[in-house]
Amino acid sequence: SVTRGPSPAPGVPGEVVEIEDIFGNFNARRTRGQDLEIRQTLPTTLGTWTASASGTWIAVSESADFRGRYVGVPGGLGAPDFRAYGQLGWSHRGWDLTWRTTYTPEVIATPPVGWSGGRYYQAADIRHTLVLGMPGPGASRFTLGVENIFNHEPAIDYGDRFGYSSFATTNLGRLWRLGWEWTF
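Residues numbered from 1 in each chain as written. Predicted model: local features only at pLDDT ≥ 70, side-chain atom pairs only at ≥ 80, totals over all residues. Heavy atoms only, no water.

(A) Quick look at the overall build of the chain. Across its full length, the chain carries zero helices and twelve strands. When the elements of the chain are put in sequence order from the N terminus, they spell out β-β-β-β-β-β-β-β-β-β-β-β. Residues counted as buried form 22% of the 184 residues belonging to the chain. Looking at the chain alone, contacts between residues at least 24 apart form 53% of all its contacts between residues at least 6 apart. Counting every atom, the chain has about 13000 Å² of accessible surface; 59% of that belongs to carbon and sulfur. (Helix = DSSP H or I, 4+ residues; strand = E, 2+ residues; numbered from the N terminus. Buried < 20%, exposed > 50% of the residue type's maximum accessible area, 1.4 Å probe, protein only. Contact = heavy atoms within 4.5 Å. Areas by Shrake-Rupley, 256 points an atom, 1.4 Å probe, with all protein chains shown as cover.)

This is the structure in structure tokens:
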């Protein structure tokens, strides 16, 4: 988006005052796959325990190019074709504690310059999150959480503009969250 000043003469464009370069995703996307989840809940006198394991398998993941043609396949450069999740939780009298783990398998990546060892893979990515919830005053609730507990850094993809496969992981380091909800 270019903003120009007043035209100095008829038919002559005005001086460029501002250029706004906005990143946007204007392409259509279509995916197809399966999700599977197994969950077990165990009530005890010390609270309710919940364990779950789930996974997402992507059979087709395509983006439309500028001509409207769909291109792309799962497991291609930088794109994982499945992810797995595990969660263990406890709750009792308004308090709860949840541990989540996300696993993304290795993906094909761009090798460093001079690489001659065949296909190059970005290593698998494992992230852990811990969230504590507690009752607050009145009808409110507090949460304290930490994402990427072990401050795991993504593996390098030498061809990605971010330096890692942004389709497979994130470069978000350890992140603390504090929340307050009030129901009315």
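That was the structure; now back to the text.
(B) Representation of the pattern of salt bridges. Evaluation of the coordinates by the stated rule reveals four salt bridges. Put simply, Asp96 and Arg141 hold a salt bridge, and the shortest N to O gap is 1.9 Å. Pair noted here: Asp96 is in strand S7 (residues 95-104) and Arg141 is in strand S11 (residues 140-147), with a separation of 45 residues, a long-range link. Look at Arg141 and you get partly exposed, because its relative accessible area is 24%. (Salt bridge = Lys/Arg side-chain N within 4 Å of Asp/Glu carboxyl O.)

(C) Molecular detail of the layout of surface pockets. Each pocket or cavity is described by its volume, and for the second largest pocket that value is around 270 Å³. Along the walls of the second largest pocket sit 14 residues, with Thr102, Arg127, Thr129, Glu147 and Thr170 positioned nearest its centre. Broken down by secondary-structure element, the contributors of at least two residues to the lining of the second largest pocket are S7 and strand S10 (125-135). Residues that form the lining of the second largest pocket fall into these classes: two nonpolar, eight polar and four charged. (1 Å grid on protein atoms, 1.4 Å probe; cavity = no way out; pocket = protein on both sides within 12 Å on 5 of 7 lines; lining within 4 Å. Points joined across faces, edges and corners; volume = space filled by probe spheres on them. Nonpolar A, V, L, I, M, F, W, Y, C, P; charged D, E, K, R; others polar.)

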